[in-house]
Amino acid sequence: MKKCESCTSCGMPFQTAADHALGNEAIPYCSNCTTSDGALKPYEEVLAATKGYFIVSQGIDPDAALGMAETLLKKQPAWTRGR
């Protein structure tokens, strides 16, 4: 099985095992996209967090950040499998 190099929900690169949910490299999602038990959060929560990341890290207007987040997530495997 090929190791995931980035979160299949938000695209965040995995640099260490701790970046994976529960620190488990077999889980293809990052700790930001999962609940405390390692389950994928709902799309709306991941979208809001990704939008917030763009606003804070890049100083982007909220409407533009939402569009960027939607564009990013719609390309991720977690959200292309018939949400």
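Structural data are supplied above this passage.
In this report, the structure presented in the accompanying data block is examined.

About the criteria used
- Residues numbered from 1 in each chain as written.
- Predicted model: local features only at pLDDT ≥ 70, side-chain atom pairs only at ≥ 80, totals over all residues.
- Heavy atoms only, no water.
- Helix = DSSP H or I, 4+ residues; strand = E, 2+ residues; numbered from the N terminus.
- Buried < 20%, exposed > 50% of the residue type's maximum accessible area, 1.4 Å probe, protein only.
- Contact = heavy atoms within 4.5 Å.
- Areas by Shrake-Rupley, 256 points an atom, 1.4 Å probe, with all protein chains shown as cover.
- Expected span 1.5 Å × (residues − 1).
- Arc of directions from axis to C-beta.
- Core = buried A, V, L, I, M, F, W, Y, C linked by side-chain atoms within 4.5 Å.

## Some remarks on the overall build of the chain
When its secondary structure is counted, the chain shows three helices and zero strands. Ordered by position in the sequence, the α and β elements of the chain form the string α-α-α. Each principal axis of the C-alpha atoms in the chain carries an extent, and together these give about 40 × 25 × 25 Å. Across the 83 residues in the chain, those meeting the buried criterion constitute 31%. Long-range pairs, those at least 24 residues apart, make up 30% of the contacts in the chain with a sequence separation of at least 6. Here the chain displays about 5,200 Å² of accessible surface, and carbon together with sulfur accounts for 54% of that area.

## Observations concerning helix H1 (residues 43-58)
With 16 residues, H1 ought to run about 22 Å at 1.5 Å a step, and its terminal C-alpha atoms sit 22 Å apart, in line with that. Among the residues of H1, those classed as buried are Tyr43, Val46, Leu47, Thr50 and Phe54. Projection of H1 onto a plane perpendicular to its axis shows the buried side chains occupying an angular sector of 105°, all on one side. Facing away from the buried side of H1 by over 90 degrees, the exposed positions are Glu44 and Val56. In this structure, the buried side of H1 is in contact with helix H2 (62-73) and helix H3 (77-80).

## With respect to the nonpolar core
If you look at the biggest cluster of nonpolar residues, it comprises 18 residues, and the most contacted ones within it are Cys7, Cys10, Cys30, Cys33, Leu73 and Trp79. Of all elements in the fold, only H1, H2 and H3 reach the threshold of two or more residues within this core. Tallying contributions element by element places H1 first for this core, with four residues. Discounting residues that sit within four places of it in the chain, Cys10 has contacts with Cys30, Cys33, Thr50, Leu72, Leu73 and Gln76.

By themselves these figures say nothing about function.
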